[in-house]
Amino acid sequence: MTNGIGGSTAARELETLSLWADAAPSISGAEREERLEKARRLMRENRADALLIGAGASLRYFAGVPWGASERLVAMLLPQTGRPIVIAPRFEQGTLEADLSIDADLRLWEEDESPSALVAAALHETGATRLAVDPAMALLFVERLRAAAPSLDLVEASAIVDGCRMYKSAAELALMQQAKSMTLEVQRRAARILHPGIRASEVARFLDQAHRAIGAPGGNGFVIVQFGRASAFPHGLPGDAELREGDVVLIDTGCVIEGYHSDITRTYVFGEPSAEQRRIWALEQEAQAAAFNAARIDVPCETVDHAARAVLERAGLGPDYRLPGLPHRTGHGIGLSIHEPAYLVRGDKTPLAPGMCFSNEPMIVVPDSFGVRLEDHFYMTEAGPRWFTQPSPSIDRPFG
């Protein structure tokens, strides 16, 4: 094989990989303070006296604590004035203090105590009567808090959380750029190791090793490797297929750098593409470009989805979500979560604004045959969209 597909081995590619030379700086303490102040402004606009954020991506965003949610309540309570309050199990105090990136009052609870009672007491101290609750918080915790403070008015906090996280700063864009550039390089090298008979699991293992070698400590944030017919299913099929001559190869993967995600898909053919494979690939490329060109400041998100679908419908695909055609939205927001608001889909009328980041992946599925997904990401500037990674140039030279 030529043009960047095949001709190498996993061992050879890993030997020549080194840690990313231009690592982006971490999010500063000053930026986290700015995030808290913006949240307070949005709280006032939404008539909330306090904000409760649970463990997960939003706690990392505001407080720097990278913990996932569990059955134990870990949360940050942000009042309109005064220090944030962090509620956590007492036995986690040392780890919490090591991870915490803001100045906060710690309220710690033992295993036989109620963390909801701690939250209720803190709210009583601040005089808060209307609490905005993290939309990602488990219903179990919300109901326990409702029982501990029955007079409290609980409202959903999407307007506040999304109003902060949806618009990325320069520091966030730099971390995302690093993650995406690293994944594109890993994708490029994965194409080189392909040969007849290689299994999807072997490619997935290489992608993980390559992500680690280039500087992603967790390896693959996720991975999808599909050959042939399996590529006609957006998230693939179970099993461990072997690569054959003429197969469509679809690889969708990413990594995480300081919490920020990459998510890049490349589709090409192992061998000589058929006329139909070429036709569908070219339509996918055109639809991806149309979506990018439709992204303009103040334009509703749904307009971008419409632009991609219009290309496909003119070619006789679809309409809407019908197959052959595009079975899902054109794109999703990305940041500390791999999928986050806003969305490039009909019905999402969120106006595009500087700092918003999206995938652009208007996949085409030919049922029971093959699929083509080209996925790159862009971010909005005052002058319009800019790519994090340049789209694939051709089916014959997918990496240029």
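Residues numbered from 1 in each chain as written. Predicted model: local features only at pLDDT ≥ 70, side-chain atom pairs only at ≥ 80, totals over all residues. Heavy atoms only, no water.

Undergrad: Can you walk me through the overall build of the chain in this structure?
TA: A count of helices and strands for the chain gives eleven helices and 18 strands. Computed over the C-alpha atoms, the radius of gyration of the chain is 23 Å, within 12% of the 21 Å expected from 2.2 N^0.38 for a compact globule of 400 residues. The buried share among the 400 residues of the chain stands at 52%. Across the chain, contacts joining residues at least 24 apart in sequence account for 67% of those joining residues at least 6 apart. Summing over all exposed atoms, the chain offers an accessible surface of approximately 16,500 Å²; the carbon and sulfur share of this is 52%. (Helix = DSSP H or I, 4+ residues; strand = E, 2+ residues; numbered from the N terminus. Rg over C-alpha atoms; globule rule 2.2 N^0.38 Å. Buried < 20%, exposed > 50% of the residue type's maximum accessible area, 1.4 Å probe, protein only. Contact = heavy atoms within 4.5 Å. Areas by Shrake-Rupley, 256 points an atom, 1.4 Å probe, with all protein chains shown as cover.)

Undergrad: Would you mind going over the pattern of salt bridges with me for this structure?
TA: Opposite charge on two side chains lets them pair, provided their charged atoms get close. Within this structure, the stated rule accounts for 31 salt bridges. Linking R212 and D208 is a salt bridge whose minimum nitrogen-to-oxygen distance equals 2.9 Å. Here R212 pairs with D208, and both are found in helix α9 (residues 200–214), just four residues apart, close to one helical turn. With its nearest N and O atoms 2.9 Å apart, the salt bridge here joins R278 to E272. In this structure R278 comes out as partly exposed when scored by relative accessible area, which is 30%. (Salt bridge = Lys/Arg side-chain N within 4 Å of Asp/Glu carboxyl O.)

Undergrad: What's the story with unusual backbone geometry in this structure? I'm lost.
TA: Glycine aside, negative phi is the norm for most residues, and most peptide bonds take the trans geometry. L323 connects to P324 through a cis peptide bond whose omega is 0°. Here P324 lies in the loop between α11 (301–314) and β12 (331–333). Cis geometry is adopted by the peptide bond preceding A342, which originates at P341 and carries an omega value of 0°. Within the element layout of this structure, A342 appears in strand β13 (residues 340–344). In this structure, R47 takes a positive phi of about 55° despite not being glycine. Along the chain, R47 turns up in the loop between α2 (29–45) and β1 (50–54).

Undergrad: Which parts of the structure should I look at to understand the sheet that holds strand β5 (residues 130–133)?
TA: Hydrogen bonds between backbone atoms are what pair the strands of a sheet, whose relative direction is either parallel or antiparallel. Read across the sheet, six strands follow the order β4-β3-β2-β1-β5-β6 without closing on themselves; strand pairing throughout is mixed. Each edge of the open sheet is held by one strand with a lone partner, namely β4 (105–109) and β6 (153–156). When strand polarity is set aside, the average angle formed by the axes of neighbouring strands in this sheet is 25°. Where strand β2 (residues 75–79) meets strand β3 (residues 85–89), three bridges bridge the pair, whose relative direction is antiparallel. Residue M76 lies in a different strand from β3, and its bridge partner there is V86. α2 rests against β1 and β2 of the sheet, and its axis sits at about 60° to β2. (Pairing = 2+ DSSP bridges. Axes fitted to C-alpha atoms, helices over the stretch in contact; angles between N-to-C directions.)

Undergrad: Sorry, what's going on with the packing of aromatic side chains here?
TA: Centre-to-centre distance and the angle between the planes together describe a pair of aromatic rings. If you walk through the whole model with that rule in mind, you get seven aromatic pairs. Ring geometry for F292 versus W387: centroids 4.3 Å apart, planes at 10°, classification stacked. Separated by 95 residues along the polypeptide, F292 in helix α10 (residues 275–294) and W387 in strand β18 (residues 384–387) bring together distant segments of the chain. With respect to burial, F292 and W387 carry one shared label: buried. Ring pairs connect the aromatic residues F292, F358, F378 and W387, which therefore count as one cluster. One cation-aromatic arrangement involves R35 over Y61; the distance from NZ or CZ to the ring centre is 4.0 Å. One Lys or Arg, K180, reaches over the ring of F388 and ends 5.1 Å from the middle of that ring. (Phe/Tyr/Trp six-rings, centres within 6.5 Å; stacked < 30°, edge-to-face > 60°. Lys NZ or Arg CZ within 6 Å of the ring centre and 35° of its normal.)

Undergrad: How should the sheet that holds strand β8 (residues 248–254) be read in this particular structure?
TA: What the three strands build is an open sheet, ordered β7-β8-β11; its pairing is antiparallel. At either end of the open sheet lies a strand with only one pairing partner, and these are β7 (222–227) and β11 (264–269). The mean inter-strand angle of the sheet, taken between neighbouring strand axes irrespective of direction, is 5°. Strands β8 and β11 of the sheet are contacted by helix α8 (residues 170–192), whose axis makes an angle of about 20° with β11.

Undergrad: I keep staring at the nonpolar core and nothing clicks. Help me out?
TA: A general feature of soluble globular proteins is that nonpolar side chains tend to end up buried together. Ranked by internal contacts, the top residues of the largest apolar core, which has 68 residues, are L51, M76 and L194. With eight residues, the single largest contributor to this core is α8. Ranked by size, the runner-up nonpolar core spans 37 residues in total, among them A353, V372, L374 and M380. (Core = buried A, V, L, I, M, F, W, Y, C linked by side-chain atoms within 4.5 Å.)

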